[in-house]
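The chain contents come next:
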Amino acid sequence: MIAAVSIFGLWLAVLLQGTAAASTENPVVVDLSKDFVAITAGFTGTEVLLFGTTAGKGQVVVIVEGPAVNATIRHKERVAGIWVNGDEVAFENVPAFYQVLATGSLDEWLPLPLRETNQIGVEYLQIRPLGDVDPATAAEYRNALIRNKQLAGHYGKVEGRMTIVGGRLFRSTVFFPADVPVGVYNIRTYLIDNKRVVSSQVMPLTINKTGLEADLYRVAHKHSALYGIAAIVIAILAGLGGNMLFRRNR
Amino acid sequence: MFLYLPIAEISVNVIVFLSLGIAVGTLSGIFGVGGGFLMTPLLIFFGIPPAVAVGTEANQIVASSVSGVLAHWRRGNVDFKMGSILLIGGIIGSTFGVWLFRVLRELGQIDLVIMLSYVIFLGTIGLLMFVESLRTMVRSRSGAGSRRKLHQHNFLHGLPFKMRFRRSKLYISALLPLLIGVIVGILSAIMGVGGGFIMVPAMIYLLGMPTSVVVGTSLFQIIFVTANATFLQATFNQTVDVVLALLLMVGAVIGAQIGTQLGAKLRGEQLRILLALMVLAVCSKIVYDLVATPDELFIMVTGAAH
């Protein structure tokens, strides 16, 4: 309830700001319900509310894009009856997360050149293979990469639809699954009117592990030997503790 | 109730993994095996990345073995001398195994090697145990049960460096337990197992140790070998998830106590048939996964940008 009220408040603030800005140079204004997603022990994925306002003209498209990573796609081949990893293609500049949200069907008002230059839609992502790969193979592996990402819930299968209220306000939710890649995300918003980008806005969203989870991850990678020793000590204590507990009860 | 695992980087159901720990812990208590040969494939079936399953399971086995060995120690069922020889081999083997694990991981073949190792060892051991137990049961039922000789003499007794193992009532070459230790150590690193399921039959059939000391001695050795594997996996591969390990430990420690007491009340041959059937069931599931055509023929591995 409190959250709903505060979000309504935020929305109202945006609305006011939006109407004020509409007359000047900011025809589209966007904000998120939070700019930091904390991955804690109980994290099972989270929804972030995205909301904003336009001057009343045009359509809005929002791209939620995770940090660029490298990815390797391996092709499974049947060898002597069993499936083994065969050929592989490595890609760079792969967004770890990618979703498109729009106020309407993109085909109707977003020209292809605009989609290409702004990388709107998975098919327009500038994912490049590393090394010398022939174009047909690269395309096949690139499609496989996108399928894998979609299956994991990291890429959207279709663009999400944003609801518009009163012709000016739009809002939508973005779902980040439990295994969401960490890092700094970019939320790119475009206001399209008459097949042109009228206005755009870029906003960061940070997703990171916090608390004990973050500390454990850091220690495991920065002080690996110490982490290993601690893991063994914990195991020995757990074994001794369990044994003593049960011996007393006998 | 869900918990986010910091190293596996996924969210898991606490109840499911606690139950897994208790179930596998009970079996490990009964049979004196670390339980890793069941737990590691189960963890993978439940979505834990194979590399993390292997590293974490090594850590968990340290706990269940510490807990289990105390019960056997109190009854005097640990041959420390034999255990130490096995241990020296185990340290050599597990160190080599972790290095091999890293090389295979970089080649993208670690998952396949883990699975194939399971098929080969579970299949062989399961079948051998099954046939052996059936034969013994049939023999004891027909009433012609002749007493087994303490051990048979074969070429293994011609090896040098003979040592006397009082607790096991054996006078054999130290090279044999050393070699068994090395092999089990490699398996412990690559498969995320204590190696009890290999070592127990090897101690009974190859070394000719009395069944009573086999379980305690293998547990004693497993503690140190899995501790070594845990340390090396954590240091070189960062694949030990302590949160997951702790979850499994709590379940396994409870299970191991139940199992040790159950094991004392049940008959040996029936137990061995039961274990053989379970080993074969896990083996069949892995074979199926290797042979069945996957839905997606391309798999993805991500890493941070260079």
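Note that the structure is a prediction, hence the values are computed from the model and not measured. (Residues numbered from 1 in each chain as written. Chains lettered and ligands numbered in written order. Predicted model: local features only at pLDDT ≥ 70, side-chain atom pairs only at ≥ 80, totals over all residues.)

The next point concerns the overall build of chain A. Check the secondary structure of chain A and you find 6 helices and 13 strands. Evaluated residue by residue, chain A yields a buried proportion of 32% over its 250 residues. In chain A, 71% of the contacts between residues at least 6 apart in sequence involve partners at least 24 apart. (Helix = DSSP H or I, 4+ residues; strand = E, 2+ residues; numbered from the N terminus. Buried ≥ 20, exposed ≤ 12 C-beta atoms within 10 Å, placed from the backbone. Contact = placed C-beta atoms within 7 Å.)

Let's shift gears to the sheet that holds strand E7 (residues 98-102) of chain A. Residues and elements named next belong to chain A. In spatial order, the strands read E2-E13-E12-E4-E7-E9; together these 6 strands make up an open sheet with mixed pairing. The outermost strands of the open sheet, each flanked by one partner alone, are strand E2 (36-39) and strand E9 (160-161). Bridge analysis of strand E4 (residues 59-65) against E7 gives 5 bridges, and the strand direction is antiparallel. Bridge pairing in E7 places glutamate 65 opposite tyrosine 98. (Pairing = 2+ DSSP bridges.)

Turning our attention to unusual backbone geometry. Residue and element names in this part refer to chain A. Positive phi values are uncommon outside glycine, yet asparagine 93 reaches one of about 65°. Locating asparagine 93 in the fold gives a position in strand E6 (residues 82-95). Since 14 C-beta atoms lie within 10 Å of it, asparagine 93 is described here as partly exposed. Positive phi, close to 55°, is recorded for asparagine 194, a residue that is not glycine. Look at asparagine 194 and you get exposed, because 8 C-beta atoms sit within 10 Å.

This paragraph deals with the sheet that holds strand E11 (residues 169-176) of chain A. Residue and element names in this part refer to chain A. With antiparallel pairing, the 4 strands of this open sheet are ordered in space as E1-E3-E11-E10. Looking at the sheet topology across the chains shown, the edges are occupied by strand E1 (28-32) and strand E10 (163-165). Averaged over neighbouring strand pairs, the angle between their axes works out to 25° when direction is ignored. Pairing between strand E3 (residues 46-54) and E11: 8 bridges, direction antiparallel. (Axes fitted to C-alpha atoms, helices over the stretch in contact; angles between N-to-C directions.)

Turning our attention to the domain arrangement of chain A. All names here are of chain A. Domains assigned within chain A are domain 1 (2-209) and domain 2 (210-250). In this complex, domain 1 contributes 6 residues to the contact, which on the side of domain 2 involves 6 residues. Where the side of domain 1 that touches domain 2 is concerned, the elements lending two or more residues are E2 and strand E13 (196-209). Residue classes in the side of domain 1 that touches domain 2 are distributed as 3 nonpolar, 2 polar and 1 charged. (Domains from an automatic or database assignment. Nonpolar A, V, L, I, M, F, W, Y, C, P; charged D, E, K, R; others polar.)

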